[in-house]
Amino acid sequence: MRMITFFLVGLTVHVVFFLSIFDIYFTSPLVHGMTPKSTPMTAPASRLVLVVADGLRADSLFTLLSNGSSRAPYLRSIIEERGTWGVSHTRVPTESRPGHVALIAGFYEDVSAVAKGWKENPVEFDSVFNESRHTWCWGSPDILPMFAKGATGDHVYTHTYPAVEEDFASTDASRLDSWVFTQVKSFFQSANSNSTLRASLLEDENVFFLHLLGIDTNGHAHRPMSQEYLDNIGLVDTGVSELVSIVEDFFGYDGRTAYVFTSDHGMTNWGSHGAGHPSETLTPLVVWGAGVHNAQRVTEPQLFTDGYLQDWKLEHLRRVDVNQADIAPLMASLIGVPIPVNSVGVLPLLYLNNSDQFKAESMYTNAIQILEQFKMKMAQKKETTLSFLFTPYQLLTESKQAEFIHKARILMHLEKYEDAISLCQSLISHALEGLVYYHTYDRFFLGCSVVLGFVGWTSYVVLVILKTHASLNRHPSLLKQIPSRTLVKLCVCVTVVITIFLLIQRSPITYYIYCLLPVPVWYSVLKESGTLTDLIRSAPSLPLWKCFGYFVLVAFGIELLVVSFFHRAMLTVGLVALSLWPMLSGLFGKAKIRSLSWFLGCLCLSGFPLMPVVGREPNIHLVTCAGLLTLFTSACYLWSSQHRTPLHLSDRQQFVTQMLHVAVCAYVPSLTHSSLQQKQGLPLLNQIISWITLASSMLVPLLSSTRLFHRLLSIFLSLTATYLLLSTGSEALFPPVLSWVMFVWINIEQEAMIAQGVSGRQELSTIDFSANIDITKIRQLKLDDIRRSYFFVFFIITAFFGTGNIASINSFDPASVYCFLTVFNPFIMGGLMMWKVIIPFIIVMCTFETIQVATQLSSRSLFLIVLVISDLMALHFFFLVQDYGSWLDIGTSISHYVIVMSMTIFLMLLSVVTHILTSRRFILWRRLKMHFP
């Protein structure tokens, strides 16, 4: 198979394996076609006011000041006198869109929403707003439109400020909240003179939604412990107090208004959110007004072990915690609208101040609403499964459903409301478990297909390596082996059987891909069976113990990399072990200085995985130091190499220009940080420099000489300049230290080649990336090349996890992108953070490209070994994916598989990019041709 064909087939196979995880784990849990269910009793409230303080932590609201007073006195008085309070527990990802969907629609957002930046509707869903008669919303353009778009009809009215107002460099983000309160005040004032609007307001089942983004924006910009964040809480408290007065005055204090105050997510001490830290998942909930219990005083200790009651001085008041999705059925019950049909929330009865009959009827409605989803899910699965293969959820078969419903109605008829409530809660529990059961019904079947394909592909790559790149004793009769007709017939039969089976089951088109892909893969494996025979025949002449030792070490190394995904400190262990390689392999005696440089470089690099991923305080001085270190190492190299490889004048000018550019980029973050601290905004010149640097980072190296170290130095300077602009602290030192280790690795591999006695070795300083490769000098693979490939995979993982992990993207600090923009834009900000992660990748990839050229190997051979190692890791993570435990555990396990699969696909594409980056050259003007000695 030609290289380009193999590359395309490999890319296709890995894309399929990558996408399979989304069909197996990331499909939308929503079902459609259910009828809305409402409680057949008079609702206690005619209208509901929902106030969501975006990014407000529970402890920030509830904790008292040092003098015993509250920074939110009005809400504190509600908690202590006339409302019910608790903690609302959010789920990962703790972002604004998923939080609002849970609050207002009652279900936890599926991951397909991430493709739309948590802003748009990836699937249609029902919400409390949709079920209301009218809903008026004020707030952020990121949140409000998604509920208006999802609503049927035109009864959801939104009032938003321009998106550019969401500026992290703003002098005072609390003005966003002031805007909302001012708009609401004007709205009610205008209703007094607008009879049509007034008539609409006086109707039942109305909702008023205030989305307050100021606290979140101030938290990102200044941190949650800052005075700006804490003062914003006070402003919101005053605003809520005035809002209640305006609403009550407009409706004549009729006692028919219910109020809900909560938050969509919290925030870490370092001003980020998205992950599962308690500061992100614990949000405040305060409910008061019509149909809600007044403050309930308690004398006995409450069953909470988190210690917050004592910290907040609230141990004397009943605390009622809820899951975030439970707030949707609570709001629906208060104003008498149907619970959103997709809701999985369970009505928190302790908030309701109503008759036992109303509570029982409401809980029954909640149970039937969730049961309807279960029945729809079961019907869908039954429809697409052969009857003799269908296994129903045993705890809730059709007969048991009818029994539950019948028994609940009898208990309510007999006025045994407590028993009816208990039965309905049991039914809800079973229905939710059943929803998960049917949602994951095909998971085992799809998983087996993917694993079969995985094992087949990895086996095929191993056979290709042995066939084309290893020195095996070829058996003459097997050299012209043709595929057996029997094998072809067998594969065709298997394909037909699988296709008919999937057609009968009316399976989605993706199922055909996952189930049929292993057939051609295993056909290719069986077709190459002759190579396996060659290996067996060559076994007596191979150093078996040495081979076994290498494979044990690589297997141990792969396990170490897998563990490093969970514990970054394992990379430190690995780097310390790698630092000893020259001593253990005998290279130390032949190249003492290089071995010592390798030892010190690995030890310096090993410190980075021990640093915190998030939560670092910005330290712009370290960014400046990283710039100076880059300039120092570049100057040292140019000075030391001027005798061996003299630079052409134009190349010298380019390097000087690039070094001056790095100096500017080292200073820009300091200037930007200073300007933002003084609340003067992002300087336009800094922004222009940053974007030009980013745009030119991949083009400037193409102007430099294609001599090995000259081109690598140009790439290093260009990428480091961009990295400095995206850094806020110690991580800026990572590319210079990584590049130091990579430089030494290239040199020390040359010494390893001499130790192995490889002939025809070329001096590193004379190698030109653009020179045509002498095919006669390309050698076969040796055992030591497995070590080289493993080193590469290890450094790629180190490049990814050296300064962060998945949380550094999911829960990143926006301060990293302040040199480029300060107005909130999830796609651009996420793209810049991804580029920051990719830069160390490119440094390692360019090094690997260099080592392939320097060690006289074809670019394909080492990459195939890398492919096997990364595929073994991916298969390992596929088995580690879990759908139980905490949501953070589930999300992390899936993320690891996605990262490894993305890395494999990405390395395939990046290998092409780095080949161009190292070997191509743009000539902007004509000049005399150079002749190197």
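The rules we used
Residues numbered from 1 in each chain as written. Predicted model: local features only at pLDDT ≥ 70, side-chain atom pairs only at ≥ 80, totals over all residues. Heavy atoms only, no water. Helix = DSSP H or I, 4+ residues; strand = E, 2+ residues; numbered from the N terminus. Buried < 20%, exposed > 50% of the residue type's maximum accessible area, 1.4 Å probe, protein only. Core = buried A, V, L, I, M, F, W, Y, C linked by side-chain atoms within 4.5 Å. Contact = heavy atoms within 4.5 Å. Patch = residues over 30% accessible without salt bridge, like charges linked within 9 Å, V, L, I, M, F, W, Y side chains within 5 Å. Areas by Shrake-Rupley, 256 points an atom, 1.4 Å probe, with all protein chains shown as cover. Salt bridge = Lys/Arg side-chain N within 4 Å of Asp/Glu carboxyl O. pLDDT = per-residue confidence, 0-100. Phe/Tyr/Trp six-rings, centres within 6.5 Å; stacked < 30°, edge-to-face > 60°. Axes fitted to C-alpha atoms, helices over the stretch in contact; angles between N-to-C directions. Parallel < 35°, antiparallel > 145°, perpendicular 65-115°, else oblique. Nonpolar A, V, L, I, M, F, W, Y, C, P; charged D, E, K, R; others polar.

A word on the environment of Thr803
At step 1: Topologically, Thr803 is positioned in the loop between α32 (783–801) and α33 (806–810).
At step 2: Residue classification places Thr803 among the buried positions, given a relative accessible area of 14%.
At step 3: A sequence separation of 235 residues divides Thr803 from Arg568, and the C-alpha atoms of the two residues are 9.7 Å apart.

A look at the nonpolar core
At step 1: Counting 147 residues, the largest nonpolar core has Trp598, Trp745, Phe792, Phe795, Met873 and Tyr897 as the members making the most contacts within it.
At step 2: The biggest single contributor to this core is helix α34 (residues 826–854), with 16 residues.
At step 3: Contact partners of Trp745, with chain neighbours within four places excluded, come to Trp598, Arg787, Arg788, Phe791, Phe792, Phe795, Thr847, Phe848 and Ile851.
At step 4: By size, the runner-up hydrophobic cluster in this structure holds 70 residues, among which are Leu352, Ile370, Phe374 and Ala431.

Considering a nonpolar patch on the surface
At step 1: Taken together, the side chains of Leu580, Met583, Leu584, Phe588, Leu596, Leu600 and Trp740 present a nonpolar region at the surface, about 640 Å² in accessible area.
At step 2: Among the structural elements, Trp740 can be located in helix α31 (residues 734–756).

A few points about the confidence of the model for the protein
At step 1: The predicted model of the protein averages 85 in pLDDT, with 88% of residues at 70 or higher.
At step 2: Overall, residues 478–482 carries pLDDT values under 50, and its contacts beyond four positions in sequence, including any with other chains, amount to 7 contacts.
At step 3: Confidence drops under a pLDDT of 50 for residues 926–933, and excluding neighbours within four residues, the segment shows 8 contacts in the predicted structure.

Quick word on the packing of aromatic side chains
At step 1: Counted according to the given criterion, the structure contains 50 aromatic pairs.
At step 2: Ring centres of Phe250 and Phe251 lie 5.0 Å apart, and the angle between their planes is 80 degrees; on these two criteria the pair is classed as edge-to-face.
At step 3: Aromatic side chains Tyr308 and Trp312 sit 4.9 Å apart centroid to centroid with 10 degrees between the ring planes, which places their arrangement in the stacked category.
At step 4: Given a relative accessible area of 24%, Tyr308 falls into the partly exposed group.

Some points on the packing of helix α7 (residues 175–191) against helix α10 (residues 227–250)
At step 1: Packing of α7 against α10 brings their axes to within 10 Å, and their N-to-C directions diverge by 10 degrees. In terms of axis orientation, α7 runs roughly parallel to α10. Of the residues in α10, those touching α7 at Asp177, Ser178, Phe181, Val184, Lys185, Phe188 and Ala191 are Asn232, Leu235, Val236, Gly239, Val240, Leu243, Ile246, Val247 and Phe250.
At step 2: Grouping the constituent residues of the contact of α7 with α10 by class yields 11 nonpolar, 3 polar and 2 charged.

So, the pattern of salt bridges
At step 1: If you walk through the whole model with that rule in mind, you get 16 salt bridges.
At step 2: Across the salt bridge formed by Arg319 and Asp321, the nearest N and O atoms sit 2.8 Å from each other.
At step 3: For Arg319, a relative accessible area of 4% gives the class buried.
At step 4: Linking Glu528 and Lys467 is a salt bridge whose minimum nitrogen-to-oxygen distance equals 3.2 Å. Of the two residues, Glu528 is situated in the loop between α21 (518–527) and α22 (529–538) and Lys467 in helix α17 (residues 443–469); the sequence distance between them amounts to 61 residues.
At step 5: Look at Glu528 and you get buried, because its relative accessible area is 14%.
At step 6: Residue classification places Lys467 among the partly exposed residues on the basis of a relative accessible area of 39%.
At step 7: Through salt bridges with shared partners, a single ionic network connects Glu749, Asp785, Arg787 and Arg788.

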